[in-house]
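Analysis of the macromolecular model
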Amino acid sequence: MNSSENKSPESNLEKRLKRQVIGKPHRFMAVVPLGFEGTLVEELKYIGVECVQDCTANGNCAAGIKVAGDGKVEFTAKITEAWKAVAYSRIANRVLMEIATFKAENFGQLEKGVAAVPWELYLGEMGVVIHVTCRHSRLYHSDAVEERIRKNITPTDHASAPQHLYVNLQDDRCTLWLDLAGEELYKRGHERFVAEAPLKETIAAAMIFEASKIASTNNPKSTEGATPHLKASDASALITFIDPMAGSGTFSLEAAYIANGLIPGKCRDFALKHQPAFKEGTWNFILKGRHSETAAPLRHSEERSDEESTTNLLSIITSDISERPVSIIKHNVECSPLAEIAKTNPDAVTINPQLKDFFSYTIEDFQKASSESARNIIILLNPPYGKRLAFDAPKLYSQIGKKLNEWSRDAHPRGINLTVAILAPKDDTRGGAHYTCTENLLKACPALNPSNNPEAKLIETSHGGFSLNAIFARI
């Protein structure tokens, strides 16, 4: 009898976890770099996140993954599907689970709503860091809101706790979101040195995704019905990536991780691992799945043996004009899983950064450095902008546009398909300023302009406090 009584509290908690957290669908929100919401929707579908119908009280049902606003993508699914997104998404910054939503016009309603949440199912005995946002609500003082919420969760403040709760007060309605990741997902879980103003991995991955789509859908020789993930296996689909202004090497590293099938979240100690619903066996099963192939724009999604190549990325050409970035990239490669893969797999896609000026490259250089069989070249560019510039930025972008135009002219007679993905600052002419980087770039290389090229794409985004245009086009 005593033995049964000792087991009952734990078994009751397990039953509640299975019924209320693991077994039922929840609403999730994935936070994504601004402008790349549609890109994340596609990525989550390729990962294989399985959604359920989300039905409101009035009977309206919506299935699938959808854009929910600037930098937000929502889906309704079981928690294990959200774990899959955390493990495999290269583009999402965070994945949040809705644990409650209620009316909160005053502090009494707020405290009542928070007290009704079964926190032992989400936090256990752990503390929590609370992030509050108030918009168009009677409760507008974020510190006061946090104080009331914390009083109903835990008596102590654990500033270093791995759990993060996001509180959104919008139009007198409070929504509580639990972060499944902890630190932002752009961190890949291994040491990385950075040069000045490094590009986040999530934006780099999103740009690789978009550029790869253009390179595959515009390839006239690609396999019938091929997805944007370059399924075609003939030589015409082989790709060379050019990262000629590499900086810290974020583009090159992300492309190499994708090509070698590295799971972005495998090395991370996510917050979800410390939540009561976590099941190690389920997590390990997710990591052993084939989602790494279906999530990656450079990898095949069809079943193949481990011995067969599953990537269309033939090579990566990485360079920078300065010695320091080249040294940083070499260090980052050595500290990443790529170093070990290169030792054990002679066919691995590797990175060997070189000291070279972007403007000194020719199409012949690209061909020699890759292979004569590579007919698809993707150029990834994150030129200097903002604080990184001590010279005429618009002039630099004019020069870049002219160089791209030159490469385009030389590539066509050789039967090479040239796709460009480039970040450029938004134009600013306020107060008589002539900060026209995007205008100058598009003028010098008209094929990048969506007005001239219907297959070109411009995504408005931001990074490091700067408003940017991410431009993609086959030129």
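Bear in mind the structure is a predicted one, so any value in this text is a computation, not a measurement. (Residues numbered from 1 in each chain as written. Predicted model: local features only at pLDDT ≥ 70, side-chain atom pairs only at ≥ 80, totals over all residues. Heavy atoms only, no water.)

**A look at the overall build of the protein**
A tally of regular secondary structure across the protein gives 14 helices and 16 strands. Taken over 475 residues, the protein has a buried fraction of 52%. When contacts within the protein are restricted to residue pairs at least 6 apart in sequence, long-range pairs at least 24 apart make up 76% of them. Looking at the protein as shown, the accessible area adds up to about 21,400 Å², and 49% of this sits on carbon and sulfur atoms. (Helix = DSSP H or I, 4+ residues; strand = E, 2+ residues; numbered from the N terminus. Buried < 20%, exposed > 50% of the residue type's maximum accessible area, 1.4 Å probe, protein only. Contact = heavy atoms within 4.5 Å. Areas by Shrake-Rupley, 256 points an atom, 1.4 Å probe, with all protein chains shown as cover.)

**Regarding the pattern of salt bridges**
Applying the stated criterion across every chain, the model contains 21 salt bridges. Close ionic contact of Lys-84 with Glu-81 constitutes a salt bridge, the shortest N to O distance being 3.0 Å. Of the two residues, Lys-84 and Glu-81 both sit in helix α3 (residues 79-88), three residues apart, roughly one turn of that helix. The exposure classification of Lys-84 matches that of Glu-81, with both residues buried. The partner of Glu-146 in a salt bridge is Arg-150, with the nearest N and O atoms 3.3 Å apart. Of this pair, Glu-146 and Arg-150 both sit in helix α5 (residues 142-151), separated by four residues, roughly a single helical turn. One salt-bridge network, held together by shared partners, links Glu-42, Glu-210, Lys-213 and Lys-457. (Salt bridge = Lys/Arg side-chain N within 4 Å of Asp/Glu carboxyl O.)

**Regarding helix α6 (residues 201-217)**
For an α-helix, the turn length of 3.6 residues means that residues three or four places apart are oriented alike. Taking 1.5 Å per residue, 17 residues should reach 24 Å; α6 reaches 24 Å between its end C-alpha atoms and fits that length. Among the 17 residues of α6, 16 are classified as buried, and the element is accordingly described as predominantly covered. (Expected span 1.5 Å × (residues − 1).)

**Quick look at the pairing of strand β4 (residues 66-69)**
Bridging between β4 and strand β5 (residues 72-77) involves three bridges; their strand directions are antiparallel. Across the sheet, the residue bridging to Lys-66 is Glu-74, located in β5. Between β4 and β5, which pair antiparallel and follow one another directly, the connecting turn spans two residues, one of which, Gly-71, has a positive phi of 70°. (Pairing = 2+ DSSP bridges.)

**Digging into unusual backbone geometry**
Residues other than glycine predominantly adopt negative phi, and peptide bonds predominantly adopt the trans conformation. One non-glycine residue, Asp-171, lies in positive phi territory at about 55°. In this fold, Asp-171 is placed in the loop between β8 (164-170) and β9 (173-179).

**Focus on the nonpolar core**
Burial of nonpolar side chains together is a common tendency in soluble globular proteins. Membership of the largest hydrophobic core comes to 132 residues, with the highest contact counts inside it found for Leu-176, Ile-379, Leu-404 and Leu-448. Setting aside its immediate chain neighbours within four residues, Leu-448 contacts Leu-404, Val-420, Leu-441, Leu-442, Ala-456, Ile-471, Ala-473 and Ile-475. (Core = buried A, V, L, I, M, F, W, Y, C linked by side-chain atoms within 4.5 Å.)

**What about the side chain of Thr-419?**
Turning to its location among the elements, Thr-419 is positioned in strand β14 (residues 417-425). Each residue touching Thr-419, except ones within four places of it in the same chain, is listed here: Ala-211, Ile-214, Ala-215, Ile-377, Ile-378, Ile-379, Ala-473 and Arg-474.

**Quick word on the packing of helix α2 (residues 37-47) against α6**
Put simply, α2 and α6 touch, their axes get as near as 10 Å, and they point 80° apart. Between α2 and α6, the interaxial angle falls into the category roughly perpendicular. Seen from α2, the contacting residues are Thr-39, Glu-42, Glu-43 and Tyr-46; seen from α6, they are Ala-206, Phe-209, Glu-210 and Lys-213. Of the residues that constitute the contact of α2 with α6, the class distribution is three nonpolar, one polar and four charged. (Axes fitted to C-alpha atoms, helices over the stretch in contact; angles between N-to-C directions. Parallel < 35°, antiparallel > 145°, perpendicular 65-115°, else oblique. Nonpolar A, V, L, I, M, F, W, Y, C, P; charged D, E, K, R; others polar.)

**Focus on the sheet that holds β14**
Hydrogen bonds between backbone groups are what pair the strands of a sheet, and the pairing can be parallel or antiparallel. Strand order across the open sheet formed by seven strands is β12-β11-β10-β13-β14-β16-β15, with mixed pairing between neighbours. Edge positions in the sheet fall to β12 (354-355) and β15 (457-463), since each of these pairs with one other strand and no more. Across seven bridges, the pairing between β14 and strand β16 (residues 466-474) is antiparallel. The residue bridging Thr-419 from the neighbouring strand is Arg-474, located in β16. Where helix α13 (residues 393-411) meets the sheet, it contacts β13 (376-381) and β14, and its direction lies at approximately 175° from that of β14.

**A few points about the packing of aromatic side chains**
Applying the stated criterion across every chain yields a total of 10 aromatic pairs. Pairing Tyr-46 with Phe-209 gives two aromatic rings, centres 6.2 Å apart and planes at 40°, and the pair type is tilted. In this pair, Tyr-46 is assigned in helix α2 and Phe-209 in helix α6, connecting sequence segments 163 residues apart. With a centroid separation of 6.0 Å and an interplanar angle of 75°, the aromatic rings of Phe-270 and Trp-283 are classed as edge-to-face. Taken together, the residues Phe-270 in the loop between α7 (250-259) and α8 (280-287) and Trp-283 in helix α8 connect sequence positions 13 residues apart. Taking NZ or CZ as reference, Arg-148 lies 4.0 Å from the ring centre of Phe-107, over its face. (Phe/Tyr/Trp six-rings, centres within 6.5 Å; stacked < 30°, edge-to-face > 60°. Lys NZ or Arg CZ within 6 Å of the ring centre and 35° of its normal.)

**Observations regarding α5**
Every buried residue of α5 is listed here: Ala-144, Val-145, Ile-149 and Arg-150. Elements that come into contact with the buried residues of α5 comprise α4 (107-115), β7 (129-135) and β8.

**So, the layout of surface pockets**
Approximately 760 Å³ is the volume found for the second largest pocket. Considering the residues around the second largest pocket, the lining is formed by 32 residues, among which Met-29, Val-31, Asp-70, Gly-71 and Lys-72 are closest to the centre. When residues of the lining of the second largest pocket are traced back to their parent elements, those giving at least two are β1 (26-31), β5, β6 (94-103), β7, β8, β9, α6 and β15. Class assignment for the residues of the lining of the second largest pocket results in 12 nonpolar, 11 polar and nine charged. (1 Å grid on protein atoms, 1.4 Å probe; cavity = no way out; pocket = protein on both sides within 12 Å on 5 of 7 lines; lining within 4 Å. Points joined across faces, edges and corners; volume = space filled by probe spheres on them.)

**So, empty space enclosed by the protein**
Taken as a whole, this structure holds two cavities of 30 Å³ or more when the rule is applied. There is about 30 Å³ of room inside the second largest cavity. As for the second largest cavity, its lining consists of Val-21, Ile-79, Met-97, Leu-121, Tyr-122, Leu-178, Gln-275, Pro-276 and Ala-277. Of the residues contributing to the lining of the second largest cavity, the split by class is eight nonpolar, one polar and no charged.

**As for the confidence of the model for the protein**
Model confidence for the protein is summarised by a mean pLDDT of 84, while 82% of its residues fall at 70 or above. Low pLDDT, under 50, characterises residues 219-235; the stretch is placed with 48 contacts to residues that sit more than four places away or in other chains. (pLDDT = per-residue confidence, 0-100.)

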